[in-house]
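The primary structure of each chain is shown beneath.
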Amino acid sequence: MSETAGVPAEKKTGTPVLELRGITMRFGGVVAINGLNLAINEGEIFALIGPNGAGKTTVFNVVTGVYRPTEGQVVFAGSRIDGKKRYQVTKRGVARTFQNVRLFHNMSALENVMVGADAHHRTGLAGAALGLPWHRREERDGRAKAEELLEFVGVARRMEETAKNLPYGDQRRLEIARALATDPKLLLLDEPAAGMNPTEKEELQGLIRKIRDTGRTVLLIEHDMSLIMGISDRIAVLDFGQKIAEGLPAEIQTNQRVIDAYLGVPADAS
Amino acid sequence: MNDTTNRNPLSRARDGYSSFFDTLRDRWATAPRWARWVVYLVLIVLAILLPADGVGSFMSPYTDWPTLLFFPIGGYILLAIGLNVVVGQAGLLDLGYVAFFAIGGYAMAIFGTKMHMSFWEILVVGVLLSAVSGIILGAPTLRLRGDYLAIVTLGFGEIVRIVANNTDYIGGPRGIGGIPHPPSLSEWTIPDNGFFDAIGIGGVQPLKYGALDGKPYYYLMLLLIVAAIIFAKRLENSRVGRAWASIREDEDAAELMGVPTFKFKLAAFAIGAAIGGAGGVVYASQSVSIIPTNFPFILSATILAAVVLGGSGNLPGVILGAFLVAWIPERIRGLQEYRVLVFGGVLVLLMIFRPEGLLPSRRRKAELAEGEGGMGGLGAEVGGPVTVAAGEVGE
Amino acid sequence: MKATTLNNLFSQFWPYTIDGLSLGAIYALVALGYTMVYGVLRLINFAHSEIFMIGTFGALGTLHLFGMPSNVGGFALVALVLALAVAGGIASGGSAVILEYVAYRPLRRNNASRLAALISAIGASLFLQQLFARLVIPQAFGLPKEKGALPVQGHFVHHTNVIHIGGFELSNDRLIVIVGAVLMMVALDMFVNRTKLGRGIRATAQDPETAVLMGVNIDRIVTATFALGGAMAGVAAALYMLRFEETRFDVGFLLGIKAFTAAVLGGIGNLRGALVGGIVLGLIEMYGSAVFGSEWQNVVAFSVLVLVLMFRPTGILGESLQQARA
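Everything quoted here is computed from the prediction, not taken from an experiment.

K.L.:
Got a minute to help me understand the overall build of chain C in this structure?
P.N.:
What chain C contains, in helices and strands, is twelve helices and four strands. For 326 residues, the compact-globule estimate of 2.2 N^0.38 gives 20 Å, and chain C sits close to it at 20 Å. Dimensions of chain C along its principal axes, counting C-alpha atoms only, are 60 × 50 × 35 Å. Here chain C, with 326 residues, has 59% of them falling under the buried criterion. For chain C, the proportion of contacts with a sequence separation of at least 24, taken over those separated by at least 6, is 78%. Summing over all exposed atoms, chain C offers an accessible surface of approximately 12500 Å²; the carbon and sulfur share of this is 66%. Each charge sign in chain C was given a centre, from 21 positive and 16 negative side chains, and these centres are 8 Å apart.

K.L.:
Please clarify how helix α10 (residues 251-266) of chain C should be interpreted in this entry.
P.N.:
Owing to its 3.6 residues per turn, the α-helix aligns residues three or four sequence positions apart on the same side. All names here are of chain C. The end-to-end C-alpha separation of α10 is 23 Å, in line with the 22 Å expected for 16 residues at 1.5 Å each. Burial analysis of α10 places 15 of its 16 residues in the buried class, which makes it a mostly covered element. Looking at the residues trailing α10, positive phi occurs at Gly 267, about 110 degrees.

K.L.:
Please explain the UniProt feature "transmembrane region" (unreviewed entry) in chain B as it appears in this structure.
P.N.:
UniProt records the feature "transmembrane region" (unreviewed entry) for residues 37-56, 68-89, 95-112, 119-139, 216-232, 266-285, 297-326 and 338-355 of chain B in the present numbering. Structurally, residues 119-139 of chain B is divided into 100% helix and 0% strand, and its ends, taken at the C-alpha atoms, are 29 Å apart.

K.L.:
Is there a simple way to explain the sheet that holds strand β4 (residues 71-76) of chain A in this structure?
P.N.:
Within a beta sheet, neighbouring strands are joined by backbone hydrogen bonds and run either parallel or antiparallel to one another. Residues and elements named next belong to chain A. Strands sit in the order β2-β1-β4-β5 across an open sheet of four strands; the sheet is antiparallel. The open sheet is flanked by β2 (30-41) and β5 (79-80), the only strands paired with a single partner. Relative to β5, β4 runs antiparallel, the two being bridged by two bridges. Looking at the pairing, Val 75 lines up with Arg 80 of β5. Those strands touched by helix α2 (residues 56-63) are β1 (16-27), β2 and β4, and its axis lies near 110 degrees from that of β1.

K.L.:
Sorry if this is basic, but what is going on with the interface of chain B and chain A here?
P.N.:
Interface size is commonly expressed as the accessible area that is lost once the parts come together. Listed per partner, the contact involves 33 residues of chain B and 41 residues of chain A. For the pair chain B and chain A, the two sides together bury roughly 3400 Å², of which 56% comes from carbon and sulfur. When the area that chain B buries against chain A is broken down by residue, the three leading residues are Arg 239, Arg 242 and Met 257 of chain B, summing to 25%. Its salt-bridge partner being Asp 250 of chain B, residue Arg 102 of chain A comes within 2.8 Å of it at the nearest N-O pair. Linking chain B to chain A there are 13 residue pairs in polar contact (both at pLDDT 80 or more). At the level of elements, α9 (215-236), α10 (239-249), α11 (251-256), α12 (261-287) and α16 (362-370) of chain B are the ones that each hand at least two residues to the side of chain B that touches chain A. Looking at the side of chain B that touches chain A element by element, the count peaks at six residues for α10 of chain B. Considering only residue class, the side of chain B that touches chain A consists of 14 nonpolar, six polar and 13 charged.

K.L.:
Explain the packing of aromatic side chains to me, please; I cannot follow it from the model alone.
P.N.:
For any two aromatic rings, the description comes down to two numbers: the centre-to-centre distance and the angle of the planes. All names here are of chain B. Scanning the model with the defined rule gives 28 aromatic pairs over all chains in all. Between Phe 100 and Phe 156 the ring centres are 5.9 Å apart and the planes differ by 40 degrees, which places this aromatic pair in the tilted class. You can see Phe 100 sitting in helix α5 (residues 98-113) and its partner Phe 156 sitting in helix α7 (residues 146-166), a full 56 residues away along the chain. Judged by its relative accessible area of 1%, Phe 100 is buried. When its relative accessible area of 16% is taken as the criterion, Phe 156 is described as buried.

K.L.:
Is there a simple way to think about the nonpolar core in this case?
P.N.:
Formed by 260 residues in total, the largest nonpolar core has its most connected members in Phe 52 and Phe 156 of chain C. Sequence-distant contacts of Phe 52 of chain C, that is, excluding residues within four places in its chain, are made with Ile 26, Val 30, Ser 92, Ala 233, Ala 236, Ala 237, Tyr 240, Val 251, Gly 252 and Leu 255 of chain C. Core analysis: the next-biggest nonpolar cluster, separate from the first, contains 47 residues, Ala 163, Leu 166, Leu 204 and Ala 245 of chain A among them.

K.L.:
Honestly, the pattern of salt bridges in this entry has me stumped. Any pointers?
P.N.:
For the structure on display, the rule yields 39 salt bridges over all chains. A salt bridge links Glu 356 of chain B to Arg 354 of chain B, with the nearest nitrogen and oxygen atoms 3.5 Å apart. On the accessibility criterion, Arg 354 of chain B (9% relative accessible area) is buried. Salt bridges linked by common partners bring Arg 158, Glu 161, Asp 170, Arg 173 and Glu 203 of chain A together as one network.

Reading the values: rules and limits
- Residues numbered from 1 in each chain as written.
- Chains lettered and ligands numbered in written order.
- Predicted model: local features only at pLDDT ≥ 70, side-chain atom pairs only at ≥ 80, totals over all residues.
- Heavy atoms only, no water.
- Helix = DSSP H or I, 4+ residues; strand = E, 2+ residues; numbered from the N terminus.
- Rg over C-alpha atoms; globule rule 2.2 N^0.38 Å.
- Buried < 20%, exposed > 50% of the residue type's maximum accessible area, 1.4 Å probe, protein only.
- Contact = heavy atoms within 4.5 Å.
- Areas by Shrake-Rupley, 256 points an atom, 1.4 Å probe, with all protein chains shown as cover.
- Lys, Arg positive; Asp, Glu negative; His and termini not counted.
- Charge placed at Lys NZ, Arg CZ, Asp CG, Glu CD.
- Expected span 1.5 Å × (residues − 1).
- UniProt positions renumbered as here; feature names shortened; annotations may be inferred.
- Pairing = 2+ DSSP bridges.
- Axes fitted to C-alpha atoms, helices over the stretch in contact; angles between N-to-C directions.
- Buried area = accessible area lost by both parts, 1.4 Å probe.
- Salt bridge = Lys/Arg side-chain N within 4 Å of Asp/Glu carboxyl O.
- Polar contact = N/O pair within 3.5 Å; in protein donor to acceptor, adjacent residues only side chain to side chain.
- Nonpolar A, V, L, I, M, F, W, Y, C, P; charged D, E, K, R; others polar.
- Phe/Tyr/Trp six-rings, centres within 6.5 Å; stacked < 30°, edge-to-face > 60°.
- Core = buried A, V, L, I, M, F, W, Y, C linked by side-chain atoms within 4.5 Å.

Shown next as structure tokens:
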């Protein structure tokens, strides 16, 4: 749409890792998303913003296979993933966190992350029941990977603790670690900064950048504008299920339609 | 969430009891490998000595103790271990578990009397058959809401019993008689001298399956129980057990973290069914004849009561629960008649005062107390509209 | 073989239909209790079958009070059925309220899981059955203890055909069952849709949290729901006694599961769905037993349950109590 100067060259040249082509999502008579086109490039941090009820989480649910879109296609890494089962989408490399933290509350932090790591494990019942060598190896590797990721997000000290006993900020970070354990190419973060204090938000920015630097693409929903403007490479704005703007942070900040949407001016008035 | 400072003496006493077992569990979790093996070994030796007359005269003054140990005690324990995989591990409420016990029993009866297969062959066939019927039942129904699943499984249990009752080929209501005992593996006799006599197992032929002595059948059941425990325990501590736990806690989130939830639920169903089927094969091989009324709904409810009483999800608890449920009515004469009455009352009281059971697993305890329990909270306080789509996530 | 059994259905089509309708009418009344409780609490009230059983004994006890009349007719019959229905309704409605108070309310207070609630329900069900088999029935009917599990008879009217139109015949008991059930359904429907309490029930079913915020007293609503559902089961029990003339401690077990099937079939939480589900299930069962033989009647019913849950888990009319009007 509006890719202009001032952007480092390598960020522009990324190929799309995720494409939404004409996605429409209806629930009964309600249109939650209307003809949405979106392309997220490999290696970028892309933010999806908009007023409450604009359809942002619905986009996440369509991408991760929770909903099958009424119309349109979801293309991830070159192949269609709409209509695929949720765990298959995850296996292909899309992982997410939730707006309201949805950890496995009564499992330890380590076990939470190990569930994510199991996504690529292949041991079946027999292997587990008989304690076969490759099963043991997978268990060992899964554990090592989980510990490493807990270290990466900064919750390693509390890995034996039950998830629900962790402080709120740690729970959010644990959720990110669990998602990372599935080895995603694309990580979807649903309001990761919600309920965090300024220091935690600062750390979160660093963490998101670190995740991008390991070669992953990040798509996030967030309401905190300073966080968004601070880390996003590109931003798309949704209002009433439609994309009303897309571009660089600086462009979005001055876009009249976006300002109107946030102030509640009807979309067709501008 | 639980305010522990401001509660009545009863709940404080309960907390004391719980913390005792919590301490025990922590000890166990940190105990060195060799110490655990010593404990296992001691337990197995004790189990081998259990049918001795000296024990029996206290435990079972009215009926033959080794036979009682075989069934109902041993049988209930095996069934409870199997049902625990389904209910305790995967969080699926199965009210028709007796169906798999029946399928195993009828497999033994049919293949034993009509095809003259040997016990060991039938054990394999019966287990496979039960597992397959578990999959056949589970495949179309496991996508249902938890409480619907409970009713469908109950219906399945009844269908199996009624079909057995109405099918002439398998004897209809008269059942099947003349079921062969397992072939004796050896005539070997434990020496009938001082030492073995003193510990109460002298003169026993542990591998000879006759009509009179219940001990060899008990040892056979014990073997199956130990195998089932090892099997279940290994699964619990693997990715399979983790997947079950995650499904119990938040099925949608589990699926989105790459857990093929349906596959794992089906696996739990098949494993539970297989263990139930094994129990049925062994049961029928000892009891010579079986009839459809050996497999009533009340048996499903009893095994469920055992699992819940002991502590759903925790193997030692489940075994204890099954033992108590099988043994107490036999030990206390006159209680037999009021057995089910007492079960019913105990189930209600348990759910009110101690939903986690006598020896709960720590995780399961938290789930039940919080109203998560794999099926969400009950009604008015937390329930959402029924019309909310099952897969809705997020907003 | 198939041809002759199908023949059986066609040659006796009306008798099977009438049997199906009267059986279905009873299922429908019992199904109301499941549907209402599920609508408000999302709980399968597994002990509802025992609430029905208690109703049959309430009706039977009343019959004894009237000195076990052996054959009444005309207005006396209508009056007697009314008396039995009231007695059954009070016995069942009252015990449903007590059941809720003892077995479910403490769990709601603890915010227990649905699994825990269902297990408590199963416990209550076993307890009530055995209470009747071991204590209540032997005491009440002066039977030796070991006979408490046997059926108890209650015959008070000769079943005679009151309507003949060509080959179509309708007996007095079946007529009363069908008419009685329809009247009760209409009355309940009006109650739920026209009274303040009924609105409270619908509001709670729709959204408990909002209902509380709007000043609805949940405990009162729950009590009313159990009382109403129980009373419906009690009336069903009186009609059942008229139609089948005997009961026993576990009379509710199979009937309860089938009534639940009817509730699911019609769309659980939906009052009119219970009527449709009950009638459809009654007919399927009777036609099924005409074709396969009566010993397969229950297998037919359970197979319907499994198939419905597989292919249309929201039932024929769809779920939800708040749309009872639909």
